[in-house]
Amino acid sequence: MLFGVLMFHTLRTGLMKRMLKASGWCLGALLLLLSGPILLATSGSLQGSESWQTATRESARIAPPPDQAEEAIVQVYGARAFSWRGYFAVHTWIATKEKGASHYQVHEVTGWRRYVVNSRPGEPDRHWFGARPELYADIRGEEAEKLIPDIYQAVESYPYPTEYNAWPGPNSNTFVAWVIREVPGLDVALPNHAIGKDYLGDQLVAEVPGGTGYQFSLGGYFGLLAGVREGLELNLLGLSFGINPLALGVKLPGIGELAIRSTNPMFETLP
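The following refers to the structure shown. Residue indices begin from 1 for each chain and proceed along its sequence in written order. Residue-level local features of this predicted model are given only where pLDDT is at least 70; pairs of side-chain atoms are given and counted only at 80 or more, and the full residue set underlies all totals for whole chains, interfaces and linings. By convention in this description, side-chain values take in all heavy atoms of the structure and omit both hydrogens and water.

### Some words on the packing of aromatic side chains
Now for step 1: Aromatic pairing here means that ring centres of Phe, Tyr or Trp (its six-membered ring) are within 6.5 Å. Orientation follows from the plane angle: under 30 degrees is stacked, over 60 is edge-to-face, and everything else is tilted. Scanning the entire structure with this criterion turns up 11 aromatic pairs.
Now for step 2: Ring geometry for Tyr-158 versus Phe-175: centroids 5.1 Å apart, planes at 90 degrees, classification edge-to-face. On the criterion of sequence distance, the pair formed by Tyr-158 in the loop between α2 (142–156) and α3 (172–182) and Phe-175 in helix α3 is long-range, its members being 17 residues apart.
Now for step 3: Using a relative accessible area of 0% as the deciding quantity, one classes Phe-175 as buried.
Now for step 4: Geometrically, the ring pair formed by Tyr-160 and Tyr-199 is edge-to-face, given 5.8 Å between the ring centres and 70 degrees between the ring planes. Of this pair, Tyr-160 sits in the loop between α2 and α3 while Tyr-199 is found in the loop between α3 and β6 (205–207), placing the two residues 39 residues apart along the sequence.
Now for step 5: Burial status follows relative accessibility: with a 1.4 Å probe on protein chains alone, a residue under 20% of its type maximum counts as buried, one over 50% as exposed, and anything between as partly exposed. Residue classification places Tyr-199 among the buried positions, given a relative accessible area of 18%.
Now for step 6: Taken together, the aromatic side chains of Tyr-77, Phe-82, Trp-93, Trp-112, Trp-128 and Phe-129 make up a single cluster linked through ring pairs. Starting at the N terminus, helices and strands are each numbered in turn, a helix being any DSSP run of H or I of at least four residues and a strand any DSSP run of E of at least two.

Listed below in structure tokens is the structure:
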């Protein structure tokens, strides 16, 4: 009887130790994932609690005015998501201007409409509710002319035209990643904090948006990515971190990539 009690106590103690150890690993992983967003939230470096009704949507004056650029243009932008979501992710979109056109066409997904795909004339480089946009790709001239018809077709064939889930997808970044993958030659590496870019729906494996490499994803909750321009990324619960040897950079959840040099060759087309 005493031997049985001692055995039970030993097993229970060992099990509790293993559970505590596992809990410690889980807590450590959670703190690592949230360290970037927490740092951004406490630093006050992003837009605060201003109303979406008053937050600026004016042009950042990155794109050339259409009346000053006869050539065709394709641009990919991203800006911090509105409010607290900006601590975790960016919102991305694509802008196109056909040769000789008097306006840009902006293609994006927004979650407050029944038909979430939004393709309309507009400012290509406007602030996203107070957040200044960042230019990820700028393609001009004959190369852009060849891409634009395929971009229009990819926008029309987006497989989630009435679905939107901020996390883990499909969302605005899922849409942009889809268009990039569907258009040959539009090889743009999206940042690791574009949450939703790794959402592949029923697919488990796909090419990376950057054009050279592959990724594995389980519904956007867990995944691995390896690409020449993207480097290596590990996705846990939609938050990604990794390294980019080509850019000499590290990727942190919420913060994005901290790199010494750019790996995006598309800016070579800039005048």
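### Quick look at a nonpolar patch on the surface
Now for step 1: Any residue with relative accessible area above 30% and no salt bridge may belong to a patch, with like charges joined within 9 Å and the nonpolar Val, Leu, Ile, Met, Phe, Trp and Tyr side chains within 5 Å. All accessible areas in this document rest on Shrake-Rupley with a 1.4 Å probe, and a residue is counted as covered only by the protein chains that are shown. The rule for a salt bridge is simple: a side-chain nitrogen of Lys or Arg has to be within 4 Å of a carboxyl oxygen of Asp or Glu. Taken together, Leu-232, Ile-243, Val-250, Leu-252 and Leu-258 make up a surface patch of nonpolar side chains, about 400 Å² in accessible area.
Now for step 2: Exposure remark for Leu-252: the relative accessible area of 33% places this residue in the partly exposed category.

### Considering α2
Now for step 1: For a helix, the expected span equals 1.5 Å multiplied by the residue count minus one. Taking 1.5 Å of rise per residue, the 15 residues of α2 would be expected to cover 21 Å, and the 23 Å separating its terminal C-alpha atoms lies within 8% of that figure.
Now for step 2: The bend at a residue is defined as the angle formed between two axes, one fitted to the seven residues ending at that residue and one fitted to the seven starting there. At Ile-148, α2 is bent by approximately 30 degrees, the largest bend along its length, and proline Pro-149 sits one to four residues beyond.
Now for step 3: Those residues of α2 that sit buried are Ala-144, Leu-147, Ile-148, Ile-151, Ala-154 and Val-155.
Now for step 4: Those residues of α2 hidden inside the fold are in contact with β1 (73–80), β2 (90–97), β3 (105–109), β4 (117–121), β5 (134–140) and α3. Note on contacts: a residue pair qualifies if any of its non-hydrogen atoms lie within 4.5 Å across the two residues.

### Here's the deal with the sheet that holds strand β9 (residues 231–236)
Now for step 1: The antiparallel open sheet is built from seven strands, whose spatial order is β6-β7-β8-β9-β10-β11-β12. Across the chains shown, the open sheet's two edge strands, defined by having one partner strand only, are β6 and β12 (256–259). Strand-to-strand twist in this sheet, taken as the mean axis angle between neighbours without regard to direction, amounts to 15 degrees. A pair of strands counts as paired when DSSP detects no fewer than two bridges linking them. To get an axis, a line is fitted to the C-alpha atoms, and for a helix only the part in contact is used. The angle between two axes follows their N-to-C directions and goes from 0 to 180 degrees.

### A closer look at the nonpolar core
In a soluble, globular protein the nonpolar side chains are often hidden away together inside.
Now for step 1: As used in this record, nonpolar core signifies buried Ala, Val, Leu, Ile, Met, Phe, Trp, Tyr and Cys residues forming a set joined through side-chain atoms within 4.5 Å. Counting residues in each nonpolar core, the largest one holds 30 residues, and the members touching the most others are Val-74, Val-76, Ile-151, Phe-175, Val-179 and Leu-186.
Now for step 2: Mapped by element, the contributors of at least two residues to this core are β1, β2, β5, α2 and α3.
Now for step 3: A total of six residues in this core trace back to one element, the largest contributor, which is α2.
Now for step 4: Not counting residues up to four positions away in its chain, the partners in contact with Val-74 are Ala-95, Thr-96, Ala-137, Asp-138, Ile-139, Ala-144, Leu-147, Ile-148, Ile-151 and Leu-186.
Now for step 5: Within the second largest apolar cluster, 14 residues are counted, among which are Ala-63, Ala-79, Trp-128 and Leu-135.

### Details of the environment of Ser-172
Now for step 1: Residue position: Ser-172 is located in helix α3.
Now for step 2: Residues Ser-172 and Val-117, spaced 55 residues apart in sequence, show a C-alpha to C-alpha distance of 8.7 Å.

### Some words on the pattern of salt bridges
Now for step 1: Per the stated rule, a full pass over the model turns up eight salt bridges.
Now for step 2: Note that Asp-138 and Arg-140 form a salt bridge whose closest N and O atoms lie 2.8 Å from each other.
Now for step 3: Across the pair Lys-197 and Glu-233 runs a salt bridge whose closest N-O atoms are separated by 3.0 Å. Of this pair, Lys-197 sits in the loop between α3 and β6 while Glu-233 is found in strand β9, placing the two residues 36 residues apart along the sequence.
Now for step 4: For Lys-197, a relative accessible area of 3% puts it in the buried group.
Now for step 5: Assessed through its relative accessible area of 5%, Glu-233 is described here as buried.
Now for step 6: In the salt-bridge network here, residues are joined through shared partners; they are Lys-197, Asp-198, Glu-233, Lys-251 and Glu-257.

### Re the sheet that holds β2
Now for step 1: Taken together, the five strands give an open sheet; going across it, the order is β4-β3-β2-β1-β5, and neighbouring strands pair in antiparallel fashion. Edge positions in the sheet fall to β4 and β5, since each has one partner strand and no second. Across the sheet, the axes of successive neighbouring strands diverge by a mean angle of 15 degrees, strand direction being ignored.
Now for step 2: Pairing analysis gives eight bridges linking β1 to β2, with the strands arranged antiparallel. Paired with Val-74 across the two strands is Thr-96, which belongs to β2.
Now for step 3: Across the face of the sheet, α3 comes into contact with β1, β2, β3 and β4 while running at roughly 45 degrees to β2.

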